[in-house]
Amino acid sequence: MNRPNFRRTTRLLAPYLFVGPAVLAVLIFLYGPIAGSAALSLLDWNLLSSDINFVGAANYAAMFSNADFQLSAWNTLAYCAILIPAQIVIPLVLAVMLHSVSGSRMGTVYRGMLFLPTILAFSVAGVAWSWLLNPVNGLFNEVLTAFGLPRSRWHTDPDLALLCVSLITFWKTFGLNMLLWLAALANVPHSLREASRLDGASRWQYFRDIELPMITPTAFFISVTTLFHILDDIVGVIDVLTHGGPAGRSSSILYFLWQQGMQFFQFGQASAVAMIIIVVVLSVTWMQFRIGEKRVHYG
Amino acid sequence: MNGQSLPLSFKVERLAIHVVLLCLSVATVFPLVWMVTSAFTPNELITAKAIRLWPEQPTVSNFAIAAARHPIWMWLWNSILTSSLITFGKLVLALPAGYAFGRMEFPGRNFLFWLVVATMSFPSVLAIIPTYIAVVKVQAFDTYGAMIIPSIPYIGFYVFYFRQAFRSLQGSMFEAARMDGADVWRQFWEIAVPNVIPAIAALSVISFMGAWNIYLWGQLVLEDTFKKTLTTGIAAFADLDGAEILWGPLMATSLLSVTPVLVLFLLAQRFIVDALAPGLDEK
């Protein structure tokens, strides 16, 4: 074989050999299943039966008229309304405070403690919290009783279940955004703080005029990723704590999907839900990119 | 006021920040502290008195009870095995891809890069049903492979991150290697990889912790009690005992499942924080 030609061919092929396995893996295991869901959403089939029927849009029609779906969709909006602002703003406030004590030993300790829940499994978080919230003899109720207040049913109370799931999801996941904000703040040159202090700027003015514009790439990243993380994370908390109950009051749309697919084996129904979620998520991301491009400062 | 001492308002502000952060940190870890306390409290006493900060009559009997009822040491081994293999698989896929995206020019590069990185934003529940069907169809249900292989391809962040790491290396190193006649593989394996070892270490820790805590998927595909991981075993534990949950042994098993990732996190804390930073410099 012609030697220089062989080397030229390897050089041209090399990048594809490097990226090939990764590209194939995501195509087969991530894009593939989504294409599979698109197909399944048009079929009436469960794993147990051998007959597969094409039903067109029937799964979608059935889904939209399903009361459980409607309830979980409303719940999901409520979860987003509570958790998206909380997951963006509170971690930022914590990061600003942590950043201002970042030199000290205690700063590292606080950071580690605040991040701790993020490294737990959902099942462990669920165990810890179901014990605290236990309606019979959980600590929270003991504290209420000690102050002469009535006991609460917490996550087994229809009116409180969604709030309990939100609180635990927040507790379990705020650490990641906090670290991302912290990393962004650490990249703001320290000299700017000195300069602004000499100019007589207040802490708030410094934050608004200097830090905030400089961390907009992170803000953009966080705003895009928080939505997906929330949708995903709530499922874990619901599954260990409430199973969507009582009476579906804490279910979310992804948990509805999970139940339809993995408990009732209604693959067509579940896939129709998956398609709706994909469309919504992609539209929101697309809008965020459109808005984000105009606002983000790249240094 | 001289340049050395800080103004009083600043000192007050700092003190206030310390107080607030201390309270919030304690509140955040409280459920876990309580889990530790419960793990070492005799099971009979756990439900007797809810408010306690230290175990009365500390004991390790909960671990013994848990081990007698469930194969928790096997679960521990399964967690170690699956988490290690998932991490290894992610690195094998993401390292070369990150290298090619970061340091090579080739047609279709941007398209393929976004194809891979866009998967960062896929809620993992979306892929579960078709993947589950596929696992059943290839008769891989209730195998380690079913737990491990579908968990590997979530590499969007890893590829993104390694691209940044490889990009930040000095081009002159690669020039010199090329002059010496190093082919693309040697440039990657002997020059590039040794220079991003901190990045590899940080992402290995992040991946290991993530894999250790895989819950929904594991609960779905692992049925045999001897094949479960600690985090999926805990769910079985709670269900199996039904209304009469043995809280002490459950807390002990939970503690067992937290300890390895906790130690790993404490050792690598600085690393992880630094690792999360640079990838964000550009879109």
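Scoring rules and cut-offs
Residues numbered from 1 in each chain as written. Chains lettered and ligands numbered in written order. Predicted model: local features only at pLDDT ≥ 70, side-chain atom pairs only at ≥ 80, totals over all residues. Heavy atoms only, no water. Phe/Tyr/Trp six-rings, centres within 6.5 Å; stacked < 30°, edge-to-face > 60°. Helix = DSSP H or I, 4+ residues; strand = E, 2+ residues; numbered from the N terminus. Buried < 20%, exposed > 50% of the residue type's maximum accessible area, 1.4 Å probe, protein only. Salt bridge = Lys/Arg side-chain N within 4 Å of Asp/Glu carboxyl O. Core = buried A, V, L, I, M, F, W, Y, C linked by side-chain atoms within 4.5 Å. Contact = heavy atoms within 4.5 Å. pLDDT = per-residue confidence, 0-100. Expected span 1.5 Å × (residues − 1). Arc of directions from axis to C-beta. Buried area = accessible area lost by both parts, 1.4 Å probe. Polar contact = N/O pair within 3.5 Å; in protein donor to acceptor, adjacent residues only side chain to side chain. Nonpolar A, V, L, I, M, F, W, Y, C, P; charged D, E, K, R; others polar.

**Section: the packing of aromatic side chains**
Residues and elements named next belong to chain A.
So, step 1. One pass over the full model with this rule turns up 35 aromatic pairs over all chains.
So, step 2. With centroids separated by 6.0 Å and ring planes inclined at 80°, the aromatic side chains of tryptophan 129 and phenylalanine 140 adopt a geometry described as edge-to-face. Here phenylalanine 140 lies in helix α6 (residues 139–146) and tryptophan 129 lies in helix α5 (residues 122–132), a separation of eleven residues in the sequence.
So, step 3. A relative accessible area of 25% means that phenylalanine 140 is categorised as partly exposed.

**Quick notes on the pattern of salt bridges**
Residue and element names in this part refer to chain A.
So, step 1. Counted according to the given criterion, the structure contains five salt bridges over all chains.
So, step 2. In this structure, aspartate 209 engages arginine 208 in a salt bridge whose closest nitrogen and oxygen atoms are separated by 3.1 Å.
So, step 3. Judged by relative accessible area, which is 46%, aspartate 209 ranks as partly exposed.
So, step 4. Judged by relative accessible area, which is 40%, arginine 208 ranks as partly exposed.

**Details of unusual backbone geometry**
Residues and elements named next belong to chain A.
So, step 1. The residue tryptophan 154 is not glycine, and still its phi comes out positive at about 45°.
So, step 2. Topologically, tryptophan 154 is positioned in the loop between α6 and α7 (161–186).
So, step 3. By relative accessible area, tryptophan 154 is classed as buried at 17%.

**Remarks on the nonpolar core**
So, step 1. Ranked by internal contacts, the top residues of the largest apolar core, which has 179 residues, are Leu257 of chain A together with Leu21, Ile129, Phe162, Phe166 and Trp217 of chain B.
So, step 2. When residues of this core are assigned to their parent elements, the largest contribution, 14 residues, is made by α7 of chain A.
So, step 3. When residues no more than four places from it in sequence are discounted, the contact partners of isoleucine 129 of chain B are Leu40, Leu257, Gly261, Met262, Phe267 and Ala270 of chain A.

**Quick notes on the confidence of the model for chain B**
Residues and elements named next belong to chain B.
So, step 1. Per-residue confidence for chain B averages 85 on the pLDDT scale, and 90% of its residues sit at or above 70.
So, step 2. The model gives residues 279–283 a pLDDT under 50, and that stretch makes 20 contacts with residues more than four places away or in other chains.
So, step 3. Here the prediction assigns the complex a pTM of 0.87, and the interface score ipTM is 0.85.

**Quick look at helix α9 (residues 203–214) of chain A**
All names here are of chain A.
So, step 1. The end-to-end C-alpha distance of α9, which contains twelve residues, comes to 15 Å, matching closely the 16 Å that a straight helix rising 1.5 Å per residue would cover.
So, step 2. Along α9, the positions that sit buried rather than exposed are Tyr206, Phe207 and Glu211. The arc that holds the buried residues of α9, viewed along the axis, is 95°, so those residues lie on one side.

**Thoughts on the side chain of serine 207 of chain B**
Residues and elements named next belong to chain B.
So, step 1. Topologically, serine 207 is positioned in helix α11 (residues 197–212).
So, step 2. Here serine 207 falls in the buried class, since its relative accessible area comes to 4%.
So, step 3. Not counting chain neighbours up to four residues away, the residues in contact with serine 207 comprise Thr87, Lys90 and Tyr158.

**Considerations on the environment of alanine 118 of chain B**
So, step 1. Assignment of secondary structure puts alanine 118 of chain B in the loop between α5 (109–117) and α6 (128–137).
So, step 2. Assessed through its relative accessible area of 30%, alanine 118 of chain B is described here as partly exposed.

**Observations regarding the interface of chain A and chain B**
So, step 1. Contact residues are listed per partner, giving 90 residues for chain A and 90 residues for chain B.
So, step 2. Between chain A and chain B lies a buried interface of about 8100 Å² when both sides are counted; carbon and sulfur atoms form 80% of it.
So, step 3. Three residues, Phe18, Ile119 and Trp131 of chain A, lead the burial of chain A against chain B; their summed loss comes to 10% of the area buried on that side.
So, step 4. Linking chain A with chain B are zero salt bridges.
So, step 5. For the interface between chain A and chain B, the tally reads twelve residue pairs in polar contact (both at pLDDT 80 or more).
So, step 6. If one sorts the elements of the side of chain A that touches chain B by residue count, helix α1 (residues 3–40) of chain A sits on top with 20 residues.
So, step 7. Each residue belonging to the side of chain A that touches chain B can be placed in one class, and the counts come to 67 nonpolar, 15 polar and eight charged.

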